[in-house]
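Structure at a glance
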Amino acid sequence: MPELAPLPRLGSLEREVMEVLWDAGAAMTTRAVLERLTSGLAYTTVATVLGNLVRKGMAERVTAGRTWAYRHGPSRSEYCGGLMAETFSATPDRAASFLHFVERMSPEDVDLLRSLLDDVPDDDARAPRR
């Protein structure tokens, strides 16, 4: 299996902005992102955070008339799934880590995991995603 570049870790402001981009469904200007945030940030702060997210590969900058707009790069589920895969690959005792993870899940999530695992092909054709 090829080794993938680690996913960027997000600070609290970056995470807050990413939540807005993930929920938007379309590219947004800095002003539009600012209007959806509840933390009372300055326009320049939001612009800086968006620039940092572009640099980290978490967002893409696109033209929108005479200004820039931003959209998410990886989806929320791709990002979270990638973080989980990185976490599990970092331990020498994956079985214990998986067990502790599953023990913290709700019964509904355990049932969901079981049903998803039943749908996974048994061959090695699965390719890592990110």
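Quick note: structure is the one above.
Since the structure is predicted, the reported quantities are computational estimates derived from the model, not experimental observations.

1. Brief notes about the packing of aromatic side chains
Within this structure, the stated rule accounts for three aromatic pairs. Pairing Trp22 with Tyr79 gives two aromatic rings, centres 6.1 Å apart and planes at 40 degrees, and the pair type is tilted. Within this pair, whereas Trp22 is found in helix 1 (residues 12–24), its partner Tyr79 is found in helix 4 (residues 76–89), the two being separated by 57 residues in sequence. With a relative accessible area of 9%, Trp22 lands in the buried category. With a relative accessible area of 2%, Tyr79 lands in the buried category. An aromatic cluster is defined as three or more aromatic residues linked by ring pairs; in this entry it consists of Phe88, Phe98 and Phe101. In this structure, Arg61 packs its charged tip against the face of Trp68, placed 5.2 Å from the ring centre.

2. Remarks on the nonpolar core
Residues Val17, Met18, Leu21, Val33, Leu50, Leu53 and Met58 are the most contacted members of the largest nonpolar core, which totals 19 residues. The set of elements that each furnish at least two residues to this core consists of helix 1, helix 2 (30–36) and helix 3 (43–55). Ranked by residue count, the leading element in this core is helix 1, at five residues. Not counting residues within four places of it along the chain, the set of residues in contact with Leu21 comprises Met28, Val33, Leu50, Ala59, Tyr70, Arg71 and His72.

3. Structural notes on the packing of helix 4 against helix 5 (residues 94–103)
A packed helix pair is summarised by two numbers, namely the angle formed by the two axes and the spacing between the axes. With their axes 9 Å apart at the nearest point, helix 4 and helix 5 run at an angle of 135 degrees to one another. Considered as vectors, helix 4 and helix 5 are oriented oblique to each other. When helix 4 is examined against helix 5, the residues Met84, Phe88 and Ser89 are found in contact with a partner set consisting of Arg94, Ser97, Phe98 and Phe101. Residue classes in the contact of helix 4 with helix 5 are distributed as four nonpolar, two polar and one charged.

4. So, the packing of helix 1 against helix 3
Running from N to C, helix 1 and helix 3 point in directions that differ by 85 degrees, and their axes come no closer than 10 Å. Our classification of the angle between helix 1 and helix 3 gives roughly perpendicular. Along the contact surface, helix 1 presents Leu13, Glu14, Val17, Met18 and Leu21, while helix 3 presents Thr45, Val49, Leu50, Asn52 and Leu53. Residues that form the contact of helix 1 with helix 3 fall into these classes: seven nonpolar, two polar and one charged.

The rules behind each value
- Residues numbered from 1 in each chain as written.
- Predicted model: local features only at pLDDT ≥ 70, side-chain atom pairs only at ≥ 80, totals over all residues.
- Heavy atoms only, no water.
- Phe/Tyr/Trp six-rings, centres within 6.5 Å; stacked < 30°, edge-to-face > 60°.
- Helix = DSSP H or I, 4+ residues; strand = E, 2+ residues; numbered from the N terminus.
- Buried < 20%, exposed > 50% of the residue type's maximum accessible area, 1.4 Å probe, protein only.
- Lys NZ or Arg CZ within 6 Å of the ring centre and 35° of its normal.
- Core = buried A, V, L, I, M, F, W, Y, C linked by side-chain atoms within 4.5 Å.
- Contact = heavy atoms within 4.5 Å.
- Axes fitted to C-alpha atoms, helices over the stretch in contact; angles between N-to-C directions.
- Parallel < 35°, antiparallel > 145°, perpendicular 65-115°, else oblique.
- Nonpolar A, V, L, I, M, F, W, Y, C, P; charged D, E, K, R; others polar.

Read these as layout, nothing more, since geometry by itself doesn't imply function.
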